[in-house]
Amino acid sequence: MLNIVEIYTDGSCIYNPGPGGCAAIVKFHDSDKKKVISYGFYYTTNNRMELMAAILSLQYLLHFFDVDLINLFTDSNYLFSGINFWMCFWKKNNWKNANNKLIKNIDLWSKLDSLFFFYKSKIRIHLIKSHNGNFYNEECDKIAFLSAKKPFLNDLFYIKNVNLK
């Protein structure tokens, strides 16, 4: 029997940039077991929170050696398109965009790249519509927003780069 995992992710910001939260629900297909992951940050962006939710959920799965397939569901076109279309170009271009400038959120994109490389062909990413009645997507949205309302971490890479501008 295949060990299939479903991950639902979402990110939220009260202002953009501003306080932000990320959330993921990791469901193990062969049981009722699920893990909710969420963090709140004092100053960040919505896109960073979307990426962070995916990173944290995939890092959590590193503790499980018997995962055969991961279905990651996101309502973020930024995350979905970045993984499926843009990242290959960025890597060939030394993480620079078409204007030859370093991409935004390079710290998080490079972490995601490493995680996707680690999981290789085991991972599939799915774009779903937000606020469309998907129970786990709706839950992630609520949890991410609540996390943004109660931040307790600093997004140091983002703060450092904002202060350099």
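Use the structure listed above.
Small disclaimer: the values here were computed from a predicted structure and weren't measured.

Caption draft 1: Up close: the sheet that holds strand β4 (residues 69–74). Read across the sheet, five strands follow the order β3-β2-β1-β4-β5 without closing on themselves; strand pairing throughout is mixed. Here the strands that pair on one side only, and so sit at the sheet edges, are β3 (34–44) and β5 (123–127). Between one strand axis and the next, the sheet turns through 20 degrees on average, direction left out of account.

Caption draft 2: Quick peek at the nonpolar core. Among the nonpolar cores identified, the biggest contains 37 residues, and Leu58, Leu61, Trp109 and Leu112 are the most heavily contacted of them. Of all the secondary structure elements, the ones that give two or more residues to this core are β1 (4–13), β2 (18–28), β3, α1 (46–61), β4, α2 (77–92), α3 (106–119) and β5. The biggest single contributor to this core is α1, with 10 residues. If you look at the next biggest cluster of nonpolar residues, it comprises five residues, including Ile25, Phe73, Ile128 and Cys140.

Caption draft 3: A look at the packing of aromatic side chains. One pass over the structure, following the stated rule, counts 13 aromatic pairs. The interplanar angle of 70 degrees and the centroid separation of 5.3 Å between the aromatic rings of tyrosine 78 and tryptophan 109 together place this pair among those described as edge-to-face. In this pair, tyrosine 78 is assigned in helix α2 and tryptophan 109 in helix α3, connecting sequence segments 31 residues apart. Take tryptophan 109: its relative accessible area is 0%, and that puts it in the buried class. Taking 5.1 Å as the distance between ring centres and 85 degrees as the angle between the ring planes, the aromatic pair formed by phenylalanine 135 and tyrosine 136 counts as edge-to-face. In this structure tyrosine 136 comes out as partly exposed when scored by relative accessible area, which is 21%. An aromatic cluster is built from Tyr8, Phe73, Phe135 and Tyr136, whose rings are joined through pairwise contacts. Its guanidinium or amino end placed over the ring of phenylalanine 28, lysine 33 lies 5.0 Å from that ring's centre, counting from NZ or CZ. The cationic tip of lysine 120 hangs over the ring face of phenylalanine 117; the distance from NZ or CZ to the ring centre is 4.7 Å.

Caption draft 4: Geometry of α2. Compared with an ideal rise of 1.5 Å per residue, which puts 16 residues at 22 Å, α2 spans 22 Å between its outermost C-alpha atoms and is within 8% of the ideal. The largest bend in α2 is about 60 degrees, located at tryptophan 86. When we look at burial in α2, the residues that qualify are Tyr78, Leu79, Phe80, Ser81, Gly82, Ile83, Met87 and Trp90. Those residues of α2 that are buried are in contact with β1, α1, β4, α3 and β5.

Calculation rules
- Residues numbered from 1 in each chain as written.
- Predicted model: local features only at pLDDT ≥ 70, side-chain atom pairs only at ≥ 80, totals over all residues.
- Heavy atoms only, no water.
- Pairing = 2+ DSSP bridges.
- Helix = DSSP H or I, 4+ residues; strand = E, 2+ residues; numbered from the N terminus.
- Axes fitted to C-alpha atoms, helices over the stretch in contact; angles between N-to-C directions.
- Core = buried A, V, L, I, M, F, W, Y, C linked by side-chain atoms within 4.5 Å.
- Buried < 20%, exposed > 50% of the residue type's maximum accessible area, 1.4 Å probe, protein only.
- Phe/Tyr/Trp six-rings, centres within 6.5 Å; stacked < 30°, edge-to-face > 60°.
- Lys NZ or Arg CZ within 6 Å of the ring centre and 35° of its normal.
- Expected span 1.5 Å × (residues − 1).
- Bend = angle between axes of the 7 residues up to and from the residue.
- Contact = heavy atoms within 4.5 Å.

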